[in-house]
Amino acid sequence: MLITCRYRACFLFPAGDLKPTNKNKQTMKTRIITLTLLLLAAQIAIAQPAERRISRKEYIDMWKEEAVKQMLETGIPASITLAQGILESGSGNSTLARYANNHFGIKCHMGWTGETFIQDDDAKNECFRKYEEAEESFKDHSDFLKSRSRYAFLFQLSTTDYKAWANGLKKAGYAPN
């Protein structure tokens with residue numbers, strides 16, 4: 001075999017044929033294309049698969065028991081907790097939910113001493129709470145609503161009146177966007 005390089009391209013020829021011909025050039029192009037396709041196929045084969053997204057139904061099935069638990073402990077309707085979790089975390093698919101177990105976008109605020117997760121939100125590099133387990137996020141969400149005076153009027157509503165709760169949260173200024 002003989003390698004000949006001309007015009008920034010190298011060609012491989014059988015030893016007996018010293019002149020590059022159109023047929024040899026075409027064979028080389030075919031080999032290069034084949035090799036390129038093989039390398040791409042190999043890269044695709046070993047690439048990490050994309051993380052599977054959770055559907056809204058799967059999210060509800062996964063977290064309904066925790067939402068009911070929080071309802072029984074705090075009086076916040078399970079449907080409201082689930083709806084806020086779905087909206088805030090994109091059904092558990094957001095970066096914050098996946099890597100910080102924070103399903104409600106709860107920021108660090110003053111006095112937070114736990115782990116943190118930095119992410120751009122309304123401003124660049126905002127501090128969010130990071131939880132060991134997502135259940136902690138659900139409890140923290142309940143505690144947040146229970147401890148803020150602007151939400152106090154909601155706890156006079158029935159846990160079955162999700163429409164009044166949703167309207168009341170909006171009126172109180174919860175997550176306006």
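As a reminder, the structure under discussion sits directly above these lines.
This report concerns the structure included in the present document. (Residues numbered from 1 in each chain as written. Predicted model: local features only at pLDDT ≥ 70, side-chain atom pairs only at ≥ 80, totals over all residues. Heavy atoms only, no water.)

## Section: the pattern of salt bridges
This structure, assessed with the given rule, holds 10 salt bridges. Residue Glu 58 is joined to Arg 52 by a salt bridge in which the shortest nitrogen-to-oxygen separation is 2.4 Å. Where Lys 64 meets Asp 61, a salt bridge forms, and the shortest distance between an N and an O atom there is 3.8 Å. Taken together, the residues Lys 64 and Asp 61, both in helix H2 (residues 56-74) and 3 residues apart, mark about one turn of the helix. By relative accessible area, which is 38% here, Lys 64 ends up partly exposed. The exposure class assigned to Asp 61 is partly exposed, which follows from its relative accessible area of 39%. Within this structure, Lys 107, Asp 121, Asp 122 and Glu 126 form a network of salt bridges that share partners. (Salt bridge = Lys/Arg side-chain N within 4 Å of Asp/Glu carboxyl O. Helix = DSSP H or I, 4+ residues; strand = E, 2+ residues; numbered from the N terminus. Buried < 20%, exposed > 50% of the residue type's maximum accessible area, 1.4 Å probe, protein only.)

## Concerning the packing of aromatic side chains
Taken as a whole and assessed by the stated rule, the structure comprises 6 aromatic pairs. Taken together, a centroid distance of 5.0 Å and an interplanar angle of 25° make the contact between Trp 63 and Phe 138 stacked. Placement of the pair is Trp 63 in helix H2 and Phe 138 in helix H5 (residues 134-147), with a sequence separation of 75 residues. Relative accessible area serves as the criterion here: at 10%, Trp 63 is assigned to the buried category. Phe 138 gets classed as buried once you look at its relative accessible area, which sits at 0%. Plain terms: the ring middles of Phe 144 and Tyr 151 are 6.1 Å apart, the flat faces sit at 50° to each other, and that makes the pair tilted. Note on Phe 144: relative accessible area 17%, which makes it buried. (Phe/Tyr/Trp six-rings, centres within 6.5 Å; stacked < 30°, edge-to-face > 60°.)

## Focus on H2
Of all bends in H2, the biggest is about 50°, found at Trp 63. If you check which residues of H2 are buried, you get Tyr 59, Trp 63, Glu 66, Ala 67, Gln 70 and Thr 74. On the buried face of H2, the contacting elements are helix H3 (78-89) and H5. Where H2 terminates, the next one or two residues include Gly 75, which has phi positive at roughly 90°. (Bend = angle between axes of the 7 residues up to and from the residue. Contact = heavy atoms within 4.5 Å.)

## Here's the deal with the pairing of strand E3 (residues 116-119)
In the sheet, E3 pairs with strand E4 (residues 126-129) via 4 bridges, with the strands oriented antiparallel. Of the residues in E4, the one forming a bridge with Thr 116 is Arg 129. As consecutive antiparallel partners, E3 and E4 are separated by 6 residues, and within that stretch Asn 125 has a phi angle of approximately 55°, a positive value. (Pairing = 2+ DSSP bridges.)

## Some words on the nonpolar core
Nonpolar side chains in soluble globular proteins tend to be buried together. Core analysis: the largest hydrophobic core is formed by 21 residues, its most contacted members being Tyr 59, Trp 63, Leu 145, Tyr 151, Leu 169 and Tyr 174. Put simply, the parts of the chain that give this core at least two residues each are H2, H3, H5 and helix H6 (162-172). Beyond its immediate stretch of four places on either side in the chain, Tyr 151 contacts Phe 144, Leu 145, Leu 169, Ala 172 and Tyr 174. (Core = buried A, V, L, I, M, F, W, Y, C linked by side-chain atoms within 4.5 Å.)

## With respect to the state of the cysteines
Counted according to the given criterion, the structure contains 1 disulfide. Disulfide partner of Cys 108: Cys 127, at an S-S distance of 1.9 Å. Around the S-S axis, the bridge from Cys 108 to Cys 127 shows a dihedral of about -70° and counts as left-handed. Here Cys 108 is found in the loop between helix H4 (95-100) and E3, whereas its partner Cys 127 is found in strand E4, with 19 residues between them in sequence. (Disulfide = S-S within 2.5 Å.)

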